Every structure is written in C-alpha cells, then in structure tokens.
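Per-entry structural report
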Amino acid sequence: MKDHFTMDAPQPRLLDEMKQGVIGTPMDRPDGPQKVSGTAGYAADHTTENMVHGVLVRATITRGRVRQIDKSSVEAIDGVIDVITDARMIRNPAQGMAGSAPVQPGDAVHYHGQPIAVVVAETFEAARDAAQRLAVHYETEEAAVTPETSTDVETGEPETAGDFEAAWSGSEVTVDKTYTTGAHAAAAMEPHAAIAEWKDGAVTLRSALQMVRFNKKELADTLGIDPSNVRILAPFIGGGFGSKLGLGPEAAAAAIAAEKLGRPVRVVMTRQNVFDTVLRRSETSQRVRFGATKAGKITAIAHDDRVSNIDGEGFAEPVTQASQFLYGADGLSFTQTLARIATTPAGSVRAPGEAVGMLAFEAALDELAEKLGIDPVQLRLDNLPETHPMDGRPYSARRLADCLKDGAERFGWADRGAPGSRREGDWQIGMGVASAARANMLIKSSSRVRLTGNRAIVETDMTDIGTGTYAILAQIAAEALGLDPSHVEVRLGDSDLPGASGSGGSFGANSAGSATFLAAKKIRARIAEALGCAEDSLTLQNGLARGDNREAALTDLVTEEFLEEATVKAGKTSESHFSSGFGAHFAEVAVHEWTGEVRVRRMLGVMSMGRILNEKTARSQAIGGMIWGIGSALTEEMQSDPRDGHVVTRDLANYHVPAHADVPGQMQVVFLEERDDYANPIQTKGIGELGISGAGGAILNAIAHATGRRVYDYPATPDRVLAALDA
Amino acid sequence: MKTTLTVNAREYDVDNDPRRTLLDTLRDDLGLPGTKKGCDHGQCGACTVLLNGERVNSCLCLTAMHDGDEITTIEGIGSPDKLSALQEAFVKHDGYQCGYCTPGQIMSATAMLKEISDGAPSYVSDDLQTASLSDAEMAERMSGNLCRCSAYPLIREAIAMASEVKK
Ligand code: FES
Ligand code: FES
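Residues numbered from 1 in each chain as written. Chains lettered and ligands numbered in written order. Predicted model: local features only at pLDDT ≥ 70, side-chain atom pairs only at ≥ 80, totals over all residues. Heavy atoms only, no water.

What to know about helix α1 (residues 22–29) of chain B
Residue and element names in this part refer to chain B. Buried residues dominate α1, accounting for seven of its eight residues. Considered for burial, the residues of α1 that qualify are L22, L23, D24, T25, L26, R27 and D28. Downstream of α1 by a residue or two, G31 has a phi angle that is positive, lying close to 65°. (Buried < 20%, exposed > 50% of the residue type's maximum accessible area, 1.4 Å probe, protein only. Helix = DSSP H or I, 4+ residues; strand = E, 2+ residues; numbered from the N terminus.)

The following block contains the structure:
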C-alpha cells in the first residue's frame, strides 16, 4: 500500500518516545565486516566470464570537431575488438538530479579531455594501449579557457535585502577584500566505473552512482530506451562527494558498447579520465564587503562572485549560499557572474557554495573583527539575525550561538593572545574560528519495510556512499519496530526498489530515513491492530508488543509478512521556516616562518545538526568534512593550462588531497543536542557537508592570527604564505 | 607469460599479458577483487598487498616479475565472520566510510606494525634505535594510503587499538 506524506506541519518527536533505544547510538556499521575484508562489491568488482574491457579515448584539442578516427591505427593490436563512437555518448556526467541525458556532442569536441570514443578489447592492457595509440584527426576552433579571457560572461541580477548602498556608505568601519579559490576535484578513491550487460532489450548497469532513481532515467534517456528497460545496481560506492550524482561517460560508453558487441563491457575511468571529465568545483573570485558601526554592529554585507562553467551546463557554484543567512545587516547584496569557458565542466562537489564561499566570507569577517578590535567569536555572537535576513523566515532550529560559546570554551579560546604573539622556535602559532552553516533539505523519497516475526527488511534505491545509510536505516526500522538492529536487513542501491532521494546535498538521511520511518510506522499500526490496542498506546521493544494491557511476541503476532511502503516529500514547513545545520569550527595552526609551511595542530567542530541518528557515523562524516576543509585551505587546487585548458594536475600526485600526515590526531567533534521539528518526521538535519562548511575558514583565520598577515588566494600554499609574510 | 604465484597460501598458475599488473591479476584473474585500484600509478595505496611479507603497491608490480613470490591480500587477512584484530578495530572505530581505501589501509597497517616492531625508524622517529607507535609515527608511515573520505584520525585510532590488543 502506498502512502504520501507531505511535510506541511511540525512533527511530533515520535522517535524519542520509542523504547528500543538504538537511535543515536554509536552502532558499528552492519556493512563494516564486508568493507574490512574486501568482500563489499564495488562496481568494477563484478567480473564475468565473457566480459570485455573498454577504455575511454580523450580529445586532445580544446574545441572543434573529430574529423576522422583512424581505426586502422590500432587494428593490429592483439585483442582489440572495436573502436566505438556513437551519437549517444555523453560529454560529461549529468548534473545532480538531472533525470535526463547530459549534452551528447556527437563529433563535436567542447573541451580538452572530453571522451570521444571507447576502445574495447579482450584485455585491459590491449584496450589501454589502443586508446593511447588511436590516431584521431580534428578540426580545431578557438575557445577561451580562462574566466579572464572569456567573451561569454554574464552577470546576474543582484539578490538583495534592505538598501546595501545606503548601509555601506553609512558604515563607520568597512572591509572590502577580494579572494580567489582554486578549482577542486572530488577525487573519490574509487574511480568512476561501470559494467553493462544486455538481455532481451534491457540493460543492467553496475556503476558507482549516488542517485539511482535519477540515474536510471539518465541512462534511459541517453540510450533512447524506456526506463523500464534499465536496471541500475550500486550497493557499494567508493566515495562520491557529488562526483557520482549523475550518470557518467563511462557508464554510457559501457552500455553502448555492450549493446553493440553483445557482451558485458566494463569501462573504468583511469584516474586521469576522472580529473579530465568528472565535474569539478569551479574556481572562484570573490569580493566580500562588510560595513559596521564602531561598536561592532554589522550594517552592510555584500558578497559578489565570479565562477565558471562550460556552455550547456545549468550549474553555477552557489558561492554565497551561507552568506545570505548567517549574519544580519541593514542592507545585503549578492551578485554572481558566470564565465563560459571550454574546460572540464563544473558541478557539485561536497557542499557546493559553502565550501569555498565561506573561506572568503569568514576570513573577511575575521578581518572586520580585527579592525574593530572585537573578539571574532564575540563579533559573530553579536550579529546573529532574528530571522532569515533575506526573506524573514524564522529559523526552524538554530544553536549557532551555543556552538560558538561551547567551542570557545572547549578549545581554550580565551588564551589565544594577540596576533603574531605565540611562537615555538621557527613556528608561529595561531588560533582561528569560523561559523559553519549548510542549508537543510528534504527530497521526495520512498522506502519499503517488511516485517515477518521479529525480522525486518528495509528496501529502497537509496545509496550508501560511505555516509552510513546501511547503519541508520537499520537503526530507524529497529527503533520503530522494537527490534535488535541485527534483525534488520537493509537493501540499497537497486533501481528496482522504491525510489529515494539518493545521496547528495546532505539530504539522504533526512529523506530516505523519514520514508523508512513512515513505512515502519504503518507497520506499527498493523501490529497495534493485530494486538488489539490503540496505536498510540503500543510499545515495541525487543520483539515484544505491548499495549492496553495486552502483550504478544512479534513472532506470534506477525506470522505472515507485513509489508508497507511510504513516501515523504517537502511541504509548507520549508516555506514557513528556514532549516539549516549550524556549527562553529576552531583550528590551531603552526606556520613556519622560513618555509611558509602550515601544519594544522588540532581542530574542533561543535555542531548542531538536528537529531543524530548514529553518533559514530555522524562523527566520521563531520571529521571527514573538516579534513576537506584542510584540503581547501592548504593544498587542493586543480590547475589547467591557460593556453588550451587541459587539466595539468590530473592525478593524485599533482592534485593534493590531504594525507595522513596532513591531519592531526586531535580532530574533535561535539554534537549539541537538537531536534528540528520543521525539517522532517525524524527531526534530523544533513551531516555530510556541514563539516567542510567553514572549516577551511577557521584554518585561514588561524594563519592570520599566527602571523599577523593574511593570504587572499587559496589554497594557502607555502609560496603564498611566504609572499604574505614578506609583504 | 607463465607465472606461478602463491596468494594467501594457495598456489596459482597464471598465463598473463606481460604488461599485466599484479593488481589486475589478483582482481580479474584470481577472483580476489578485495584489493582496489584507485590510481594505477602508485599514488594512493588502495592496491597495497604484502609481497613476501612487505607492503607494496600492487599496481606498480608486473605479475610476470613475481614468479615464485608469496602474496597476501586482504582476503588472506580475515573474512567477515573471522576478522583479524585490525579488521575488527576498523569496524569498532569506524576507520573508514566508503570502504574503498580500507583493504589498502589494513594491509599497509599490518606491515607497518611489523616494521615498527622490527625497529625500523621513519622520518619522524626521535630515536633511530627504538621506533614507537605514536600518532605522529603512524601518520608518517601511513601517508602512502590516501583516504578521500578522510577517516584518517579514526584509522589511526583503530591501528593503535589493534596494536594494544596484540600486546
Ligand atoms: S592503485 Fe596502486 S597506488 Fe593507487
Ligand atoms: S573510506 Fe572512503 S576513501 Fe577511505
């Protein structure tokens, strides 16, 4: 039976009343034993007997057309089966939640590195060799590859509240600074991979994808077949961070090649393919202006940015997302400029917007605090708005002030001292703070729960990209049905199961979790009926049902399967209230005065992010996000050749994700208790992205505090730090 | 190329393209996909296995060069119902998220613990005679194993716990 629940009113905290006591506990992941023993099956792991290997061929021009592909150049290579080009191939991965095919360029080349063909061979070695040797003849066109040289630049209408110009000109103290951030790669450890197999006109695709419900439609649309003939399997995904939201070129190529050859085809992107063609986070240029009174009341806020993308993509990095609701002012103004360039397309990478916007925004605020002579924690506390500064909506739940105060206390902020005052030999030591914020969402999701006796099964096409979905859905069902979580089996990542939000935008737990909860709640109603008690007097615990002086074991009560499905979607509460996760990041760094090296010594994130479903997996995600903050502040930058736009940093030796040695052991996370009744029926907020939002800002502010100097171009690599020290 | 390998104490005869890496042989020919490919260039550590007891990046090893060698992969360390102390510690401390780098982290850590107990110093060792298992030592010695989920502190917690259990 289907049920649609729309989030139109605040919801009672039913999970708090239930008795199993597993919600929120730091339960080990049920999928853990598989992951640590190498038996969790990722996309590329499922080899079959007659499977053949495809390797993508990349364009080596910036823009133009493939005039001819000379197949004879590779025919002599032993094992080569075919060189396949096809009008249905895709230029780049689909944007998140697209649900339709991305640009299918035919023989056109839009950027250097674009996949233009797939070579298929009996062995991977032969396919790789042929892909590299294949002779391709092009017609070339001129195209701009940097935002500075682009001729297609569009500036949007400013988003405003109050009168910024008036507020700005009346400000007693001002900060007006421009920052740049480099392009970022998600660089999930599992390269994008797909194995496609056809049977009776239908294709089964095993691929590393975050949003199965949408990906199914994307593949169907790409191939020009009915979605009912597509099945997608993604039970384990080796990290996503946005990069696997949409169907990728390797999946389209595998499906097309498998259809043509009548054999299963595996296409795994090389690490270089991943850098060339997977959606990057745009580089940004950001001008931030803060105006304030001498007493420290912020009067004017403007945050204007320029980002880039290739033509044909609707996505623009939403740089100022958090700047629009963190602090209040009399006048606020936000303007975005988008430059079209012929390079690797841009899309969502973990916390699109906040991840780079808050680096600049929180640094500028820190500079304002310094100018005012007010403690940065205090300045933030003094300027928290009553309601959303842009549209007046009340916050559904916001403990930002508590996070700042609690964090300052725990971190030893009071001992911080004056900028540039602490040193240990050649190292200058400093502390920094930044707020954390990431808007919270609920996306339409369905889930099915089946109960027989004291064993339950949860089924949804939701994915677990490392976030802990297997754990939290088991906990939700176990709590609602009074079961030990080990009695709940969770089945995910199969497009034949009820469609969920997928993993993205930190909305997965909210959405798929709520749907699972609602389905389990319907089973509770059936249990109450079977027991003969009122639903609200029913207690379920350890496989026993109790209510109205009756008691029965579920094994006696539910002898035939109870199956219920539920669907949840956003409603009026998202219009009446504004929901966001909030927090405060603190960092202590050491800056070497002669080399410019920055070492992060410890970090603390205090976060209020609604109900925590699993304390262990939540902490992991928060820490992971904070470490991404280290990367964005200090090491990560995708660099492209300014002549032809080709990605220069196209492997993990050149694109520097943080390694063990970059990360201190002291990465502390504290969750402040919170329920967001307006967010969804389980009162949760997203977790996966709040950790990164603001974390890098705290590190950059710590560098400024350590040295008394500021870096405006990020990442703050040693050369840039040294230049700031010498300035 | 005909090559005989002993993998997880079992002998295999393979006849491979001379360009085939040990990583691809393990994954695709021997049915041992637990070892992962993250870069194929020796830059990430996802493919770490033990070669005659020492850790190597199997993507940098050509199978044909390892005739007669003994290899241990993650499958040889423990299975879901019989985990090693280190594997158990990873589960307990959540020393992973997506799990993709995890086999490599565990293989690498297995070898690293032995390197430390053998007294091999590292760049951060204060004393070249006696290596300790401090967090700084672990961070230094595990830096060849990237984890984009960034479970680093928890991975090191897990290793520290497993080494305690051993003692
Ligand atoms: S796959 Fe071998 S080091 Fe990355
Ligand atoms: S657990 Fe995902 S990369 Fe390490």
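Details of the environment of G96(A)
With respect to the secondary-structure elements, G96(A) resides in the loop between β4 (80–84) and β5 (108–109). For G96(A), a relative accessible area of 30% gives the class partly exposed.

Quick word on the pattern of salt bridges
Tallied over the entire structure, the rule returns 72 salt bridges over all chains. For E561(A), the salt bridge goes to R450(A), with nearest N and O atoms at 3.0 Å. Placement of E561(A) in the loop between α14 (554–557) and β26 (562–570) and of R450(A) in strand β20 (residues 445–452) is noted, with a sequence separation of 111 residues between them. On the accessibility criterion, R450(A) (21% relative accessible area) is partly exposed. Between R148(B) and E636(A) there is a salt bridge, with its nearest N and O atoms 2.8 Å apart. Of this pair, R148(B) sits in the loop between α4 (135–141) and α5 (152–166) while E636(A) sits in the loop between α16 (615–635) and β29 (667–671), which puts the two residues in different chains. (Salt bridge = Lys/Arg side-chain N within 4 Å of Asp/Glu carboxyl O.)

With respect to the pairing of β26(A)
Residues in a regular strand point their side chains to alternate faces of the sheet. Residues and elements named next belong to chain A. When strand β1 (residues 4–7) meets β26, the two strands line up parallel, connected through four bridges. Bridge pairing in β26 places F5 opposite V568. Bridging between β20 and β26 involves seven bridges; their strand directions are antiparallel. Among the inter-strand pairings, S447 is bridged to a residue of β26, identified as A566. (Pairing = 2+ DSSP bridges.)

A short note on the sheet that holds strand β24 (residues 544–547) of chain A
Residues and elements named next belong to chain A. If you walk across this open sheet you meet the three strands as β23-β24-β25, and the pairing is antiparallel. Among the strands making up the open sheet, the edge pair consists of β23 (539–541) and β25 (550–553). Put simply, the sheet's adjacent strands are angled 15° from each other on average, direction ignored. Where β23 lies against β24, three bridges are found, and the strand directions are antiparallel. Within β24, the position partnered with L540 by the bridge is A545. Taken strand by strand, helix α13 (residues 508–531) contacts β23, β24 and β25, and its axis lies near 70° from that of β24. (Axes fitted to C-alpha atoms, helices over the stretch in contact; angles between N-to-C directions. Contact = heavy atoms within 4.5 Å.)

What about the UniProt feature "domain: Aldehyde oxidase/xanthine dehydrogenase a/b hammerhead" (unreviewed entry) in chain A?
In the numbering used here, UniProt assigns the feature "domain: Aldehyde oxidase/xanthine dehydrogenase a/b hammerhead" (unreviewed entry) to residues 37–142 of chain A. Along residues 37–142 of chain A the backbone is 14% helical and 32% strand, and the end-to-end C-alpha distance reaches 51 Å. (UniProt positions renumbered as here; feature names shortened; annotations may be inferred.)

Looking at empty space enclosed by the protein
All names here are of chain A. Per the counting criterion, the structure on display carries four cavities of 30 Å³ or more. Of the pockets and cavities examined, the largest cavity occupies roughly 60 Å³. If you trace the largest cavity, you find it lined by Y179, A363, L700, N701, I703, A704, R710, V711, Y714 and A716. Per element, the largest residue contribution to the lining of the largest cavity is four residues, and it comes from helix α17 (residues 695–707). Looking at side-chain class alone, the lining of the largest cavity contains eight nonpolar, one polar and one charged residues. (1 Å grid on protein atoms, 1.4 Å probe; cavity = no way out; pocket = protein on both sides within 12 Å on 5 of 7 lines; lining within 4 Å. Points joined across faces, edges and corners; volume = space filled by probe spheres on them. Nonpolar A, V, L, I, M, F, W, Y, C, P; charged D, E, K, R; others polar.)

A word on the interface of chain B and chain A
The interface of chain B with chain A comprises 53 residues on the first partner and 59 residues on the second. Between chain B and chain A lies a buried interface of about 4400 Å² when both sides are counted; carbon and sulfur atoms form 56% of it. Per-residue buried area on chain B facing chain A is highest for R19(B), Q97(B) and R148(B); these three make up 19% of the total on that side. The interface formed by chain B and chain A contains seven salt bridges. Listed by contribution, the elements that provide at least two residues to the side of chain B that touches chain A are α1, α2 (85–92), α3 (102–117), α4 and α5 of chain B. Taken together, the residues that form the side of chain B that touches chain A break down as 23 nonpolar, 15 polar and 15 charged. (Buried area = accessible area lost by both parts, 1.4 Å probe.)

Quick notes on the sheet that holds strand β11 (residues 193–199) of chain A
Residues and elements named next belong to chain A. Pairing in this open sheet of seven strands is mixed, and the strands run β4-β6-β2-β14-β11-β12-β13 from one edge to the other. Taken across any chain shown, the strands that pair with only one partner, and hence form the sheet edges, are β4 and β13 (230–233). Averaged over neighbouring strand pairs, the angle between their axes works out to 25° when direction is ignored. Packing against the sheet, helix α4 (residues 124–133) makes contact with β2 (52–58), β4 and β6 (115–121), and its axis sits at approximately 20° to β2. Helix α6 (residues 212–223) contacts β11, β12 (202–207) and β13 of the sheet and is inclined by roughly 135° relative to β13.

So, unusual backbone geometry
At the junction of Y714(A) and P715(A), the peptide bond is cis and its omega measures out at 10° in the coordinates. Turning to its location among the elements, P715(A) is positioned in the loop between β30 (713–714) and α18 (718–726). Of note, the phi angle at D548(A) is positive, near 45°, even though the residue is not glycine. The residue D548(A) is located in the loop between β24 and β25 in this model. Look at A9(B): it is not a glycine, yet its phi comes out positive at around 70°. Summarising the element assignment, A9(B) is placed in the loop between β1 (2–7) and β2 (10–15). By relative accessible area, A9(B) is classed as exposed at 78%.

Thoughts on α17(A)
The end-to-end C-alpha distance of α17(A) is 19 Å, a good match for the 18 Å that 13 residues give at a rise of 1.5 Å each. Within α17(A), 13 of the 13 residues are buried, which leaves the element mostly enclosed by the surrounding structure. (Expected span 1.5 Å × (residues − 1).)

Remarks on the packing of aromatic side chains
Each aromatic ring pair is characterised by the separation of its centres together with the angle its planes make. Residue and element names in this part refer to chain A. In this structure the tally under the stated criterion is 16 aromatic pairs over all chains. Ring geometry for F325 versus F582: centroids 6.0 Å apart, planes at 85°, classification edge-to-face. Of this pair, F325 sits in the loop between β16 (298–309) and β17 (331–340) while F582 sits in strand β27 (residues 580–592), placing them 257 residues apart in sequence. Since its relative accessible area comes to 2%, F325 is described here as buried. We classify F582 as buried; its relative accessible area is 0%. Ring centres of F411 and F586 lie 5.6 Å apart, and the angle between their planes is 35°; on these two criteria the pair is classed as tilted. (Phe/Tyr/Trp six-rings, centres within 6.5 Å; stacked < 30°, edge-to-face > 60°.)

Points about the packing of α2(B) against α3(B)
All names here are of chain B. At a minimum axis separation of 10 Å, α2 and α3 run at an interaxial angle of 130°. The pairing of α2 with α3 is recorded here as oblique in orientation. Where α2 crosses over α3, the handedness of that crossing is right-handed. Here L86, Q87 and F90 of α2 come into contact with α3, specifically with T102, Q105, I106, A109 and T110. Looking at side-chain class alone, the contact of α2 with α3 contains four nonpolar, four polar and no charged residues. (Parallel < 35°, antiparallel > 145°, perpendicular 65-115°, else oblique. Left-handed = near helix turned anticlockwise from the far one by under 90°.)

What about the side chain of R148(B)?
Classification of R148(B) as buried rests on a relative accessible area of 1%. Separated by 2.9 Å, the side chain of R148(B) and the backbone oxygen of A185(A) make a polar contact. Contacts of R148(B), omitting those with residues within four sequence positions, involve A185(A), A186(A), A187(A), A188(A), M189(A), F241(A), W628(A), E636(A), Y655(A), V657(A) and P658(A). (Polar contact = N/O pair within 3.5 Å; in protein donor to acceptor, adjacent residues only side chain to side chain.)

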